Amino acid sequence: MSAKPTEIRFEDALRELDQILRDLEEGAVSLEDSLSRYERGVNLLKQCHGQLQNAEHRVKMLAGTKDDGAPDLHPFSPQAK
Amino acid sequence: MPPTATPEREVLSVNTLVNRARGHLETNFQTVWVEGEITGFKKHSSGHWYFTLKDERAQIRAMCSSGANRRVRFDPADGMQVIARGRLTIFPAQGSFQIDVEQLEPKGLGSEELALRQLKEKLRKQGYFAPQRKRPLQRWPRRAAIVTSAKGAAIHDMLRQFAIRWPFCEVVLRPCRVQGEGSGDEIAGCIRMVSELHRTKKLQFHAVIVGRGGGSAEDLKAFNEEAVADAIFHCSCPVISAVGHEADWTIADEVADARASTPTNAVTLFTPLHTDVRRNLSEYHARLRENMYRRLQFARQEVEHRAMRPVLKQPLRRLREFEQRLDDIADRLERAVANRLRKSDESVAALAARLESLSPLNILSRGYSLTRTPGGTLLRDAAAVRPGEVIVTRLANGELTSRVEAT
């Protein structure tokens, strides 16, 4: 989606975290692997927290589509009622 | 008695007779209203409709020309009670007397309402409302489209709700008229535009919210149009309908993947509350740590068990290194999120307290057990033993020695 390449999507991050938790719970991975999975999990959480930082609420107006099918977007500021 | 010629006798051709009679009928029954039941209804390929109107005692043939039936708002069918307006005439070629219907209304229901019911029935048969085709909504949306009027309360309410709950979602408004002649087609066109952008990946959306604020039934009419239903049905991304108030239920609501009672409610059901998400992340953090510590405790126990037999001292040292690394990672995470995350401090504190109690025996006391081969190898995989072999299970209190029946 709009996510920058470095931005992991929430749903992906949480899915991976669930998998990591399952791996750790089942205890079938070696201690070494467990630890690296834990580290990965912590990293994912950090990224998720990071995404909740930039709370600039973006609103755009779609005026139409251009000849190549790309969206023609403009800034939009809601008028008072 | 022999026939006597009467000089005033006038012999007419059939055609003249029928036409005279037709003249009488058409002059004296120019406009009649008649109520009856439709039977033998047929749509001819010419576009004209033919049917019979009947009641318990009589019947009359009826014809509704293609010009006239274009204005009929519902689909007539056998068994329907209707009121027809028309004039009487004779169809000369058959000599049959009939009513030429100019106007046809269902009895009981208004024709608008009947048309709406019939459209609903038609769409239902085509599977437009099927629950199994409703798509789930993205739980952490990053971009949403809104098709509604750029003016008015609806867009204002929705944007405010986005800002309060989940400001991380970009909102793309596609403004359009939401009432008046042609607004249904306009709404449908806007949904198709959004759908096309999504489908071609030019601009992707986690959902499109289609709606408007409250109004009279007449104001909401556009959302009952077939064009809007079609656009929603074929939309490439999930659609949330948000039309009017709780009590208003339109066809758009039935077709959409999710139906919101109001525009504000649409945003509420589409977005998480950001504080909930933060709490959720903290919970993940806690579970991760808890699991990791438990994993470590198992490992420690395993090593200690072996260490009791005077063999290896090395693994214990190695384990301590692991524990140190774990603490180190945890510390780094805490530093990273500490200032963002007051809540997580509490859960980390709670976790620390819980970890105190995570001694190996405490783990066993919660119902876990450790199973080993008589040689002392910890069993993790049923395939590691064969039927007939002896295994030893350590419980919180005591040990069990068992023989494997099957794996």
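Use the structure listed above.
Calculation notes
- Residues numbered from 1 in each chain as written.
- Chains lettered and ligands numbered in written order.
- Predicted model: local features only at pLDDT ≥ 70, side-chain atom pairs only at ≥ 80, totals over all residues.
- Heavy atoms only, no water.
- Axes fitted to C-alpha atoms, helices over the stretch in contact; angles between N-to-C directions.
- Helix = DSSP H or I, 4+ residues; strand = E, 2+ residues; numbered from the N terminus.
- Parallel < 35°, antiparallel > 145°, perpendicular 65-115°, else oblique.
- Left-handed = near helix turned anticlockwise from the far one by under 90°.
- Contact = heavy atoms within 4.5 Å.
- Nonpolar A, V, L, I, M, F, W, Y, C, P; charged D, E, K, R; others polar.
- Phe/Tyr/Trp six-rings, centres within 6.5 Å; stacked < 30°, edge-to-face > 60°.
- Buried < 20%, exposed > 50% of the residue type's maximum accessible area, 1.4 Å probe, protein only.
- Pairing = 2+ DSSP bridges.

Comments concerning the packing of helix 4 (residues 153–165) of chain B against helix 8 (residues 263–270) of chain B
Residue and element names in this part refer to chain B.
So, step 1. Helix 8 packs onto helix 4 with a crossing angle of 25° between their chain directions and a minimal axis gap of 8 Å. As far as their axial angle goes, helix 8 and helix 4 are roughly parallel. Regarding helix 4 and helix 8, the two cross each other, and that crossing is right-handed. Seen from helix 4, the contacting residues are Ala154, Asp157, Met158, Gln161, Phe162 and Arg165; seen from helix 8, they are Pro263, Thr264, Val267, Thr268 and Phe270.
So, step 2. Here the contact of helix 4 with helix 8 is composed, by residue class, of six nonpolar, three polar and two charged.

Some remarks on the packing of aromatic side chains
Residues and elements named next belong to chain B.
So, step 1. This model, assessed by the stated rule, comprises seven aromatic pairs over all chains.
So, step 2. Taken together, a centroid distance of 3.9 Å and an interplanar angle of 0° make the contact between Tyr128 and Phe233 stacked. With Tyr128 in the loop between helix 3 (111–125) and strand 6 (143–148) and Phe233 in helix 6 (residues 226–234), this pair connects stretches of sequence that are 105 residues apart.
So, step 3. The buried category is assigned to Tyr128, whose relative accessible area is 6%.

Focus on the sheet that holds strand 5 (residues 96–106) of chain B
The strands making up a sheet are joined through hydrogen bonds of the backbone, oriented either antiparallel or parallel.
Residue and element names in this part refer to chain B.
So, step 1. Here we have five strands rolled up into a closed barrel, ordered 1-2-3-5-4, and mixed in their pairing. Strand-to-strand twist of the sheet, defined as the mean angle between neighbouring strand axes without regard to direction, takes the value 50°.
So, step 2. Two strands pair when backbone bridges link them, and strand 1 (residues 32–43) and strand 4 (residues 81–91) are joined in this way by six bridges, in the antiparallel orientation. Bridge assignment links Val34 to a residue of strand 4, and that residue is Ala84.
So, step 3. Along the sheet, helix 1 (residues 14–28) makes contact with strand 4 and strand 5, crossing strand 4 at roughly 140°.

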